[in-house]
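The primary structure of each chain is shown beneath.
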Amino acid sequence: PELLTLVDGSVSPTAIMHLQNGFILPSLPRHETPTIFQNTFHQDFPRVLNGYLASINVMFAIDEFSTATGATMVVPGTHQLTTTPDQQYLKEHAIPVECPAGSMVVFDSTLWHAAGANTSGHDRLAINHQFTRSYIKQQIDYVRALGDEVVLAQPPRTQQLLGWYTRVVTSLDEYYR
């Protein structure tokens, strides 16, 4: 209920789940952490629409987010920027989002962020959801991936979040149905 309240109040009550992914941030000595997409500063929705909020991320911390576990680093004030910030600026102004396991972290998907370095000795787990306005095409077509039978067995709100009511037709036959 808390998640849906946030989605409804920010993106819209007709929002869809753009993507869902799980993160396993392995623990490594700081000097051995590879440079990959997750730990370089990026936006999850690099489409700035004149201040219009089109997407939010909702991340669930399965494990504690701390500096030692590689807490997500965010750079306050960098959401909705129309130009790419200097990487040095991002590194100097980033702050870790620290929270206990079970917490929900919510941010505008245009916010510049990166995973921190996990040096804790154990993997850090999280699940990320990105919700967008219903007219933005999903990263994965969940309806086709799961199949009509599975989706139709869900409550109407779940069907909506999976994209049932905003499907793109693949043929004239589907269009005329």
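Scroll up to find the structure this text is about.
Fair warning: this is a prediction, and the values are worked out from it, not measured in the lab. (Residues numbered from 1 in each chain as written. Predicted model: local features only at pLDDT ≥ 70, side-chain atom pairs only at ≥ 80, totals over all residues. Heavy atoms only, no water.)

**Brief notes about the packing of aromatic side chains**
Which entries qualify depends on this criterion: Stacked, edge-to-face and tilted are the three classes for Phe, Tyr and Trp ring pairs, Trp counted by its six-membered ring, which pair at centre distances within 6.5 Å; planes under 30 degrees apart are stacked, over 60 edge-to-face, the rest tilted. Geometrically, a charge over a ring is one whose NZ (Lys) or CZ (Arg) sits within 6 Å of the ring centre while staying within 35 degrees of the ring normal.
Per the counting criterion, the structure on display carries 1 aromatic pair. Ring plane angle 80° and centroid distance 5.0 Å describe the contact between Y175 and Y176, whose orientation is recorded as edge-to-face. A cation over an aromatic ring shows up here: R47 above the ring of F45, its NZ or CZ 4.7 Å from the ring centre. Over the ring of F65 we find R124; its NZ or CZ atom is 4.1 Å from the centre of that ring.

**Points about the nonpolar core**
Stated precisely, the cut-off is as follows: Only buried Ala, Val, Leu, Ile, Met, Phe, Trp, Tyr and Cys residues count toward a nonpolar core, and they belong to the same one when joined by side-chain atoms within 4.5 Å. Burial here depends on accessible area, computed with a 1.4 Å probe over protein chains only, as a share of the maximum for the residue type. Under 20% is buried, over 50% is exposed, and the range in between is partly exposed. Runs of E in the DSSP output that reach at least two residues are strands. Runs of H or I that reach at least four are helices, and both are numbered from the N terminus. Contacts are assigned to residue pairs that have any heavy atoms within 4.5 Å of one another.
In terms of nonpolar packing, the biggest core is built from 15 residues, with V7, I56 and F131 touching the most fellow members. Among the secondary structure elements, those contributing two or more residues to this core are α1 (2–10), β1 (16–25), β2 (55–61), α3 (142–146) and α5 (156–162). Setting aside residues up to four positions removed in sequence, V7 forms contacts with S12, A15, I56 and F131. In terms of nonpolar packing, the next biggest core, distinct from the first, is built from 11 residues, M59, A61, V74 and L111 among them.

**Details of the layout of surface pockets**
Spelled out, the test is: Only protein atoms enter the calculation, which uses a 1 Å grid: trapped sets of points that fit a 1.4 Å probe without letting it out are cavities, open sets showing protein on both sides within 12 Å along at least five of seven lines are pockets, and any residue with an atom within 4 Å of a point is a lining residue. Grid points are joined across faces, edges and corners, and a volume is the space filled by probe spheres set on the points. Side-chain classes follow a simple rule in which Ala, Val, Leu, Ile, Met, Phe, Trp, Tyr, Cys and Pro form the nonpolar group, Asp, Glu, Lys and Arg form the charged group, and the remainder, Gly included, forms the polar group.
Here the largest pocket defines a volume of roughly 480 Å³. Lining the largest pocket are 31 residues, with F23, F37, Q38, N39 and H42 sitting closest to its centre. Elements that contribute at least two residues to the lining of the largest pocket include exactly β1, β6 (113–114) and β7 (124–132). At 6 residues, β1 tops the list of elements feeding residues into the lining of the largest pocket. Of the residues belonging to the lining of the largest pocket, the class tally is 15 nonpolar, 13 polar and 3 charged. The computed volume of the second largest pocket comes to approximately 370 Å³. Lining of the second largest pocket is provided by 17 residues; of these, N39, M73, A115, G116 and A117 occupy positions nearest its centre.

Function cannot be read off these values alone, since they describe shape.
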